[in-house]
Amino acid sequence: MKTLFGVVAWCLLFVLCWPLALLALVAWPFVWLLLLPFRLVGVTFSALFAFLGALLFLPARLLGWQPRTPSVAG
């Protein structure tokens, strides 16, 4: 759905102002490359926080604690 919205928005921009739409089409790979390090930092921090959470909950898991699962009303 996100991709479809992007394509429709680009087509609308192409109809309204085609030079700007072509500039956006050419510039998008460069913007993606510029933002790639920030995504890698985000993935790294996410993994770090998941590791710290697992490390902090390790004693409770060893003692038999189980995460609560949502009950299904039946």
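Residues numbered from 1 in each chain as written. Predicted model: local features only at pLDDT ≥ 70, side-chain atom pairs only at ≥ 80, totals over all residues. Heavy atoms only, no water.

## Topic: the overall build of the chain
Thought 1: Along the chain, the regular secondary structure elements total two helices and zero strands.
Thought 2: In terms of C-alpha radius of gyration, the chain reaches 23 Å, well past the compact-globule figure of 11 Å for 74 residues.
Thought 3: Taken along its principal axes, the extent of the C-alpha atoms in the chain is 65 × 40 × 10 Å.
Thought 4: Across the 74 residues in the chain, those meeting the buried criterion constitute 1%. (Helix = DSSP H or I, 4+ residues; strand = E, 2+ residues; numbered from the N terminus. Rg over C-alpha atoms; globule rule 2.2 N^0.38 Å. Buried < 20%, exposed > 50% of the residue type's maximum accessible area, 1.4 Å probe, protein only.)

## Digging into the packing of helix α1 (residues 2–16) against helix α2 (residues 18–62)
Helix packing for two helices is described by the angle between their axes and how far apart those axes are.
Thought 1: Packing of α1 against α2 brings their axes to within 5 Å, and their N-to-C directions diverge by 140°. Classified by the angle their axes make, α1 and α2 are oblique. Residues W10, L13, F14 and L16 of α1 form the contact with α2, whose own contacting residues are W18, L20, A21, L22 and L25. (Axes fitted to C-alpha atoms, helices over the stretch in contact; angles between N-to-C directions. Parallel < 35°, antiparallel > 145°, perpendicular 65-115°, else oblique. Contact = heavy atoms within 4.5 Å.)

## Observations regarding the packing of aromatic side chains
Aromatic ring pairs: the centre-centre distance and the angle between the two ring planes describe each pair.
Thought 1: In total, this model carries three aromatic pairs according to the counting rule given.
Thought 2: Measuring from ring centre to ring centre gives 5.6 Å for F57 and W65, while their planes differ by 15°; the resulting arrangement is stacked.
Thought 3: Note on F57: relative accessible area 48%, which makes it partly exposed. (Phe/Tyr/Trp six-rings, centres within 6.5 Å; stacked < 30°, edge-to-face > 60°.)

## Side note on the state of the cysteines
Thought 1: Summed over the entire model, instances satisfying the criterion amount to zero disulfides.
Thought 2: In this model C11 remains outside any disulfide bridge; the closest cysteine sulfur is found in C17, 14 Å from its own.
Thought 3: C11 gets classed as partly exposed once you look at its relative accessible area, which sits at 37%. (Disulfide = S-S within 2.5 Å.)

Purely geometric stuff here, so don't read any function into it on its own.
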